Number of protein chains: 2
Amino acid sequence: MEASALLRAPKQELLKQLPVDHQAFFKWFLALTEVHRPSFQLEGARKTCIEWAHKLGATVAEDEIGNILLSIPASAGLENVKPLCIQGHLDIVSVGKFDEQGQVFLKLEDGKLTSGISTIGADDGIAVAAMYALIETRDKYQHGPLEFLITLDEEVGLIGAGKLAGPPFLKSRALLNLDSEEWGTFYTSCAGGLSAYYELPIKKEKVEGTGLKLHLTNLMGGHTGLLIDSGRSNSVKWIDRILLEIQAQGIPFRLATIEGGDKHNAIPSECIATVVTSEPEKFEALAKKLHDEIVKESKAIEVKGPKLAIEKVDVPLCLCECCHNKVLDLLSSIYHGVWEMHPEIKGIVRTSQSMSITRTKDDVLYVQVYARSNEATRMYWLVNQNKSLARAVGCPIRIPEEEIQGPWPAALKARITEIAKESYHKLYNAYPEITAIHAGLECGCIQNRGYPDLECVSYGPTIHGAHSVEESVTVETACKCFNLTLEIIKAWAQE
Amino acid sequence: MEASALLRAPKQELLKQLPVDHQAFFKWFLALTEVHRPSFQLEGARKTCIEWAHKLGATVAEDEIGNILLSIPASAGLENVKPLCIQGHLDIVSVGKFDEQGQVFLKLEDGKLTSGISTIGADDGIAVAAMYALIETRDKYQHGPLEFLITLDEEVGLIGAGKLAGPPFLKSRALLNLDSEEWGTFYTSCAGGLSAYYELPIKKEKVEGTGLKLHLTNLMGGHTGLLIDSGRSNSVKWIDRILLEIQAQGIPFRLATIEGGDKHNAIPSECIATVVTSEPEKFEALAKKLHDEIVKESKAIEVKGPKLAIEKVDVPLCLCECCHNKVLDLLSSIYHGVWEMHPEIKGIVRTSQSMSITRTKDDVLYVQVYARSNEATRMYWLVNQNKSLARAVGCPIRIPEEEIQGPWPAALKARITEIAKESYHKLYNAYPEITAIHAGLECGCIQNRGYPDLECVSYGPTIHGAHSVEESVTVETACKCFNLTLEIIKAWAQE
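Residues numbered from 1 in each chain as written. Chains lettered and ligands numbered in written order. Predicted model: local features only at pLDDT ≥ 70, side-chain atom pairs only at ≥ 80, totals over all residues. Heavy atoms only, no water.

1. Some points on the relation of the copies chain A and chain B
Mapping chain A onto chain B is achieved by rotating through 180° and translating by 0.0 Å along the same axis, at an RMSD of 0.1 Å. Taken together, the rotation and translation relating the two chain copies correspond to the operation of a two-fold axis. Identified as the residue of chain A closest to the rotation axis by C-alpha distance is Val393(A), at 2.5 Å. Mapped onto chain B, 100% of the interface residues of chain A again fall at the interface, so both copies present the same surface. (Least-squares fit on C-alpha atoms with pLDDT ≥ 70 in both. Contact = heavy atoms within 4.5 Å.)

What follows is the structure, encoded as structure tokens:
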């Protein structure tokens, strides 16, 4: 398709400034920046993508949730090559100012495409642009049967990939996910995850004394997968530690409420607890002393300077003595942290869990744990581990099957990884770093939708500031990423 | 003292082959190799040391357990310098063949002193030799008041240092521990430790079915402090994981016994469990399948090839259903692994615990946990953490006060560390690595015997194969270690 049919005038001008030998690729990338496509608002973008595909003569399929699968037949003589899929997501995190129709303002600056005022959707427009360029130029290179999978709503919980239609929707034997953000790094594994909901019935009663509210703030928090090995503190564990030691030192008090954390995938960074005590001065003095000790222990990591404010409040209704102990002990006993590092990929966590959300609400203590593993056989272990603790403590627990997301286990020797590595080496005379990520990627979802033997590898250009108005992609690595994809397709066809 | 008064003829000859400018130091080192001094058999060696000290004119003090403290006054004009202590242990791990009186056969080979047929006690003869050389040559260098602490039975649990007499026995403000084994690495922190004994009452009953014995062997095991972050598996957790999943899959069985681990400081590498089941074939098939999965998960680490043997046995008396669940759940819920990495010293564990010894014995399930931290304020947390779990689960627990060993917390900015670092730099034009060890060192014991403000640093020559007949010490680093000690003493006197 002509650039003039896809781009407004300023973007046609911008295209001319981009590398001559990658015009097809950048044309489609710029075209995508003309299409408004925030998560959950993809109907228009989906239609546009399908229309483009029809114009280019690709076969179009859709599944129930709306993922789009384009396909093109093999070059003559390569019909028996196993199909290969290129994959990326359509939606973008939409932050900042866009043009009236939702188009991205875009400029070239220091070798980078950026907006400066909004996200540009290089995450993951680069993938989708590569697909259309590969479809459009399909007569110019040798390839087996190719599929192009455009998934929906990745940025809001991998929704499209997580609901992908099962076999025989996707035919491919291997898949290239172009959604990574550090050129030169290949991902070959991602984590699965599950939620465990501890729901402990609690009884309340009146207790004489002074009501105190403890409010802990200014912890670092952060992602429960990517930062679980950072040593960042869990605010609820922090308060629980203080309360248990106050109790151990014999200062009487009774817990009324405790609350911290608000997302399954964020380490809680605040905690509010209320207690009633007959010795408020001693309680407060010891709480502050213990708090200061923990601040000192963690000073190299908790650099925001954690604050503990303690103030008098109306005397709240308290937990009964038995529930008070159960709650403090359960919050201490539920594990938060790294269960194990990856034995084969240095510096990567393989299995972890986060005590993410804690609430005393009416007559229940509610704790949501989010647990992850990059290893399929560790997933049942995570289930049993949490069920065991709950059973031992006498706390009801729910681990909904439908919320269990399988991992993409490391297949360091997978053929597609080998081919990708060798193609990279052929083009750039160096080897990429092969690693894993302890968080969800679409590859994991896709494999777990009935494609366990689908070999995947994930890579991408260098994107800085994704999900913010600083988002930029370097032109050089975008070109390299496209070249690599083409090279892998050609090498795969020779298998 | 003359070499001829200290050494038999062959060692007098050996001394002549050693560096001319370090004759005093090596004379004392060789003299120590003439003294039989295995742990728990130190009476003769103690007498010899005291006799030597008297001959050299040092002041001798002893504490109740028999640690020896030698002291010499300051050089003229340096009387007001704060006292400094040089410290090491007298005992050696006695392995291999010794001469009739227990003397070490010793030879010089490729720049190393070694025996080839026994330990040589460079660990920690180097320290004690340095002390006597420093006492003997005290008029040849400028120094403040010096103390020399020779401790007993380090190799069998830091016993001497752990029972050191409190103040005012030791007068020093800083202490140099010469018991490390990698030249160029300074230690500035060690772990404290505590034992937690879980003792769960269990009831037994007769159960119909087939008796099976599961015997897991060939795990790597290893030190619970130094190797707790190695990913090595705990054999009891391994079996417990299999049993919990068999139960989750609905194959009925009842636990009779479980046993694994035999030292507080060793990761258990074997486990034996007996069960009774009405479906022995299904049980065995699933157990083996699960075992194979865990083997695969851990293949990069458990390189000995873990074996699970399952055989029929006479039907044993089983745990009642409630106890069966409690035991499986407790073994799953007691934490084994790294609690946290050190936030300020890269690659070092700060807090950990090991589920070290497990036994069902008569009417009790007995589990010994050994927990460590390099941070003083984490010690009470470890106590509360284990007590909380035990209370929540309804399991009696003992954490004996007298078995709690305090840590040597990292004092990266301590004056003695600075001086040691600068002295090293002055002599060798490079900086040492400053790190910590997640295990016990005598420095920790000594500080915790009533000397909390005693600044310590630990270093030593390069010793290979300590505790084995391969033990050797390089002559070059032994000389450097002595020179450094002398330089630190001189620099300290200028403070």
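2. Regarding the nonpolar core
In terms of nonpolar packing, the biggest core is built from 112 residues, with Tyr198(A), Ile258(A), Phe283(A), Tyr198(B), Ile258(B) and Phe283(B) touching the most fellow members. Not counting chain neighbours up to four residues away, the residues in contact with Tyr198(A) comprise Leu330(A), Ile334(A), Leu365(A), Tyr366(A), Val367(A), Val369(A), Asn386(A), Leu389(A), Ala390(A), Cys395(A), Pro396(A) and Ile397(A). (Core = buried A, V, L, I, M, F, W, Y, C linked by side-chain atoms within 4.5 Å. Buried < 20%, exposed > 50% of the residue type's maximum accessible area, 1.4 Å probe, protein only.)

3. Some details on the UniProt feature "domain: Peptidase M20 dimerisation" (unreviewed entry) in chain A
As recorded in UniProt, the feature "domain: Peptidase M20 dimerisation" (unreviewed entry) lies at residues 217–298 of chain A. Helix makes up 39% of residues 217–298 of chain A and strand 20%, whereas the separation of the span's terminal C-alpha atoms amounts to 14 Å. (UniProt positions renumbered as here; feature names shortened; annotations may be inferred. Helix = DSSP H or I, 4+ residues; strand = E, 2+ residues; numbered from the N terminus.)

4. Focus: the packing of helix 10 (residues 376–393) of chain A against helix 9 (residues 321–333) of chain B
Describing two packed helices takes the angle between their axes plus the distance from one axis to the other. For the pair helix 10 of chain A and helix 9 of chain B, the least separation of the axes is 8 Å and the interaxial angle reads 125°. Relative to helix 9 of chain B, helix 10 of chain A is oriented oblique. Remark: the crossing between helix 10 of chain A and helix 9 of chain B carries left-handed chirality. Judged by residue contacts, Gln385(A), Ser388(A), Leu389(A), Arg391(A) and Ala392(A) of helix 10 of chain A engage Asn325(B), Lys326(B), Asp329(B), Ser332(B) and Ser333(B) from helix 9 of chain B. (Axes fitted to C-alpha atoms, helices over the stretch in contact; angles between N-to-C directions. Parallel < 35°, antiparallel > 145°, perpendicular 65-115°, else oblique. Left-handed = near helix turned anticlockwise from the far one by under 90°.)

5. A short note on empty space enclosed by the protein
This model, assessed by the stated rule, comprises 3 cavities of 30 Å³ or more. Here the largest cavity is characterised by a volume of approximately 200 Å³. Taken together, 20 residues line the largest cavity, and the ones lying closest to its centre are Ser333(A), Tyr335(A), Ser333(B), Ile334(B) and Tyr335(B). Tallied by class, residues from the lining of the largest cavity come to 10 nonpolar, 9 polar and 1 charged. (1 Å grid on protein atoms, 1.4 Å probe; cavity = no way out; pocket = protein on both sides within 12 Å on 5 of 7 lines; lining within 4 Å. Points joined across faces, edges and corners; volume = space filled by probe spheres on them. Nonpolar A, V, L, I, M, F, W, Y, C, P; charged D, E, K, R; others polar.)

6. Points about helix 8 (residues 280–297) of chain B
Residues and elements named next belong to chain B. The first and last C-alpha atoms of helix 8 sit 26 Å apart over 18 residues, in line with the 26 Å expected at 1.5 Å per residue. Of the positions making up helix 8, those classed as buried are Pro280, Phe283, Leu286, Ala287, Leu290, His291, Glu293, Ile294 and Glu297. Each buried residue of helix 8 lies within a common arc of 160° when the element is viewed along its axis, so the set occupies one face. Those residues of helix 8 that are exposed and angled more than 90 degrees off the buried face are Glu281, Ala285 and Lys296. (Expected span 1.5 Å × (residues − 1). Arc of directions from axis to C-beta.)

7. Here's the deal with the interface of chain A and chain B
Bring the parts together and some accessible area is lost; that lost area is often taken as the interface size. Each partner contributes to the interface: chain A provides 34 residues, whereas chain B provides 34 residues. Summing both sides of the interface, chain A and chain B together bury roughly 3,100 Å²; the carbon and sulfur share of this comes to 46%. Broken down residue by residue, the surface that chain A buries against chain B is led by Arg241(A), Glu297(A) and Tyr380(A), which jointly contribute 20%. For the interface between chain A and chain B, the tally reads 6 salt bridges. Our enumeration of links across chain A and chain B arrives at 21 residue pairs in polar contact (both at pLDDT 80 or more). Secondary structure elements with two or more residues in the side of chain A that touches chain B: helix 7 (235–248), helix 8 (280–297), helix 9 (321–333), strand 16 (337–341) and helix 10 of chain A. If one sorts the elements of the side of chain A that touches chain B by residue count, helix 10 of chain A sits on top with 11 residues. Among the residues making up the side of chain A that touches chain B, the classes are represented as 14 nonpolar, 8 polar and 12 charged. (Buried area = accessible area lost by both parts, 1.4 Å probe. Salt bridge = Lys/Arg side-chain N within 4 Å of Asp/Glu carboxyl O. Polar contact = N/O pair within 3.5 Å; in protein donor to acceptor, adjacent residues only side chain to side chain.)

8. Observations regarding the pattern of salt bridges
Two side chains of opposite charge can pair, provided their charged atoms sit close to one another. Overall, the coordinates contain 52 salt bridges over all chains when judged by the stated rule. Here Lys289(A) makes a salt bridge to Glu293(A), at a shortest N to O gap of 3.3 Å. Of this pair, Lys289(A) and Glu293(A) are both found in helix 8, 4 residues apart, which corresponds to roughly one turn of the helix. Look at Lys289(A) and you get partly exposed, because its relative accessible area is 46%. Among the salt bridges present, the one from Glu495(B) reaches Arg415(B), with a minimum N-O distance of 2.9 Å. Here Arg415(B) lies in helix 11 (residues 415–428) and Glu495(B) lies in the segment after helix 13 (475–493), a separation of 80 residues in the sequence. What emerges from the salt-bridge pattern is a single network uniting Arg241(A), Glu297(A), Glu340(B), Arg350(B), Glu375(B) and Arg378(B).

9. A closer look at the sheet that holds strand 5 (residues 112–114) of chain A
Residues and elements named next belong to chain A. The 4 strands lie next to each other as 4-5-23-22, forming an open sheet whose pairing is antiparallel. At either end of the open sheet lies a strand with only one pairing partner, and these are strand 4 (107–109) and strand 22 (463–464). Relative to strand 23 (residues 472–474), strand 22 runs antiparallel, the two sharing 2 bridges. Note that in strand 23 the partner of Ile463 across the bridge is Val473. Contacts between helix 13 (residues 475–493) and the sheet are confined to strand 4, strand 5 and strand 23, with strand 23 contributing the most and set at about 65° to the helix. (Pairing = 2+ DSSP bridges.)

10. Concerning the confidence of the model for chain A
Per-chain confidence: chain A averages 97 in pLDDT, with 100% of residues scoring 70 or above. Reported for the predicted complex are a pTM of 0.91 and an ipTM of 0.90. (pLDDT = per-residue confidence, 0-100.)

11. Comments concerning the sheet that holds strand 23 (residues 472–474) of chain B
The 4 strands are arranged 4-5-23-22 (chain B) in an open sheet whose pairing can be described as antiparallel. The strands lining the two open edges of the sheet, one partner per strand, are strand 4 (107–109) and strand 22 (463–464) of chain B.

12. Structural notes on the packing of aromatic side chains
For the coordinates displayed, the defined rule picks out 31 aromatic pairs over all chains. With a centroid separation of 6.0 Å and 50° between ring planes, the pair formed by Tyr335(A) and Trp339(B) is classed as tilted. With Tyr335(A) in the loop between helix 9 and strand 16 and Trp339(B) in strand 16 (residues 337–341), this residue pair bridges two chains. Given the relative accessible area of 6%, Tyr335(A) is considered buried. Look at Tyr424(A) and Tyr428(A): their rings are 5.5 Å apart centre to centre, the planes differ by 65°, and that puts the pair in the edge-to-face class. Here Tyr424(A) and its partner Tyr428(A) are both found in helix 11 (residues 415–428), 4 residues apart, which amounts to about one turn of the helix. Members of the aromatic cluster, each reached through a chain of ring pairs, are Tyr335(A), Trp339(A), Trp381(A), Tyr335(B), Trp339(B) and Trp381(B). Sitting over the face of the ring of Trp381(A), Arg378(A) holds its NZ or CZ atom 4.5 Å from the ring centroid. Above the ring of Tyr197(B), the side-chain terminus of Arg398(B) is found at 4.6 Å from the ring centroid. (Phe/Tyr/Trp six-rings, centres within 6.5 Å; stacked < 30°, edge-to-face > 60°. Lys NZ or Arg CZ within 6 Å of the ring centre and 35° of its normal.)

13. Focus on the state of the cysteines
Inspection of every chain in the model, using the stated rule, returns 0 disulfides over all chains. A disulfide-free cysteine, Cys320(A) has its sulfur positioned 3.2 Å from the sulfur of Cys323(A), the nearest such atom. There is no disulfide at Cys322(B), and the cysteine sulfur nearest it, in Cys323(B), is 5.2 Å away. (Disulfide = S-S within 2.5 Å.)

14. Let's talk about the side chain of Ser373(B)
Residue and element names in this part refer to chain B. With respect to the element layout, Ser373 can be found in strand 18 (residues 364–373). Judged by relative accessible area, Ser373 falls into the buried class, the value being 0%. Side chain to side chain, Ser373 and Thr351 meet in a polar contact 2.9 Å long. At 3.0 Å, the side chain of Ser373 forms a polar contact with the backbone nitrogen of Glu375.

15. Description of unusual backbone geometry
Residue Asp124(A) follows Asp123(A) across a cis peptide bond; omega there is 15°. Look at the link from Pro167(A) to Pro168(A): it is a cis peptide, with omega at 10°. Following the sequence through the fold, Pro168(A) ends up in the loop between helix 6 (159–162) and strand 7 (174–177). Residues other than glycine seldom take positive phi values, yet Asp153(B) does so here, at roughly 50°. Relative to the elements of secondary structure, Asp153(B) occurs in the loop between strand 6 (146–151) and helix 6 (159–162). Its relative accessible area of 11% is what places Asp153(B) among the buried residues.

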